[in-house]
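Below are the chains, spelled out letter by letter.
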Amino acid sequence: MRLIAAVVVLTLVAIGAGALAGLHLFAAAERVADAKKSATPPPLASSYAGSARLRKLSPIVTNLAAPANNWARVEASMVTESMSDEDAGILAAHISEDIVTYLRSASVAQFEGSRGLQHLREDLTERANVRSSGKVRELIIETLVIQ
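Residues numbered from 1 in each chain as written. Predicted model: local features only at pLDDT ≥ 70, side-chain atom pairs only at ≥ 80, totals over all residues. Heavy atoms only, no water.

Chemist: Would you take a moment to explain the overall build of the protein for this structure?
Modeler: Check the secondary structure of the protein and you find three helices and four strands. Listing each helix as α and each strand as β along the protein from the N terminus yields α-β-β-β-α-α-β. Radius of gyration (C-alpha) of the protein: 30 Å, far over the 15 Å computed for a compact globule of 147 residues. Structurally, the protein occupies a C-alpha span of about 95 × 40 × 20 Å along its principal axes. Taken over 147 residues, the protein has a buried fraction of 24%. Accessible surface, the protein: about 10100 Å² in total, of which carbon and sulfur atoms supply 62%. Separation of charge centres in the protein, based on 15 positive and 15 negative side chains, amounts to 9 Å. (Helix = DSSP H or I, 4+ residues; strand = E, 2+ residues; numbered from the N terminus. Rg over C-alpha atoms; globule rule 2.2 N^0.38 Å. Buried < 20%, exposed > 50% of the residue type's maximum accessible area, 1.4 Å probe, protein only. Areas by Shrake-Rupley, 256 points an atom, 1.4 Å probe, with all protein chains shown as cover. Lys, Arg positive; Asp, Glu negative; His and termini not counted. Charge placed at Lys NZ, Arg CZ, Asp CG, Glu CD.)

Chemist: Can you walk me through the side chain of S132 in this structure?
Modeler: With respect to the helices and strands, the residue S132 is situated in the loop between α3 (113-131) and β4 (136-146). There is a polar contact of 2.9 Å between the side chain of S132 and the backbone nitrogen of V136. (Polar contact = N/O pair within 3.5 Å; in protein donor to acceptor, adjacent residues only side chain to side chain.)

Chemist: Which parts of the structure should I look at to understand unusual backbone geometry?
Modeler: One can expect most non-glycine residues to show negative phi and most peptide bonds to be in trans. A cis amide bond, omega -20 degrees, links A66 with the succeeding residue P67. The phi dihedral of S133 is positive, around 60 degrees, even though this residue is not glycine. Relative to the helices and strands, S133 is located in the loop between α3 and β4.

Chemist: Honestly, the packing of helix α2 (residues 85-104) against α3 in this entry has me stumped. Any pointers?
Modeler: At their nearest, the axes of α2 and α3 sit 10 Å apart, and the two run at 140 degrees to each other. Judged on the interaxial angle alone, α3 and α2 are oblique. Relative to α3, α2 is oriented so that their crossing is right-handed. The segment α2 lies against α3, with L91, H94, I95, D98, I99, Y102 and L103 engaging L120, D123, L124, R127, A128 and R131. (Axes fitted to C-alpha atoms, helices over the stretch in contact; angles between N-to-C directions. Parallel < 35°, antiparallel > 145°, perpendicular 65-115°, else oblique. Left-handed = near helix turned anticlockwise from the far one by under 90°. Contact = heavy atoms within 4.5 Å.)

Chemist: Explain the pairing of strand β3 (residues 71-80) here, please?
Modeler: In terms of burial, β3 is a largely internal element, eight of the ten residues being buried. Direction of pairing for strand β2 (residues 60-63) relative to β3: antiparallel, over a ladder of four bridges. The residue bridging T62 from the neighbouring strand is A72, located in β3. (Pairing = 2+ DSSP bridges.)

Chemist: How do you make sense of α3 when you look at a structure like this?
Modeler: Residues spaced three or four apart along an α-helix face the same direction, because each turn holds 3.6 residues. An ideal rise of 1.5 Å per residue puts 27 Å on 19 residues; α3 measures up with 27 Å between its terminal C-alpha atoms. Within α3, burial applies to G116, L120, L124, T125 and A128. Angularly, the buried residues of α3 cover 165 degrees about the axis, an arc narrow enough to put them on a single face. For α3, the exposed residues set more than 90 degrees away from the buried face come down to S114, R115, E126 and V130. Immediately downstream of α3, the backbone of S133 shows phi near 60 degrees, a positive value. (Expected span 1.5 Å × (residues − 1). Arc of directions from axis to C-beta.)

Quick look at the structure:
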């Protein structure tokens, strides 16, 4: 009889200790969640100066060199220094011509995988930078569809 009473008492003590520990952990988790909600995220640092502008290029559709029946559609934007809208429009037209010329000399195999897309981005950014005499900082490829 004493053994059963001891087991019951120990069981009740274990249940009480578990309940207290659970309540303590729940309260601590609520405090952490409330602290995260009220914390303000740090401001994002931009790698561009205040004079940089994002200018969207018109969509470009052209055929590829190999295989001949494949077409590519590219939507891109360029990050430029501050310049007039007229100069930016002329520059965008020249860069679009360069993109068409580049794509017409490329094959589908060059764009396969993430590495191929990265090379395409770097090549087009370099061409845009040369064409603009350093006024274009980056060419951002928004979409690339090959069919």
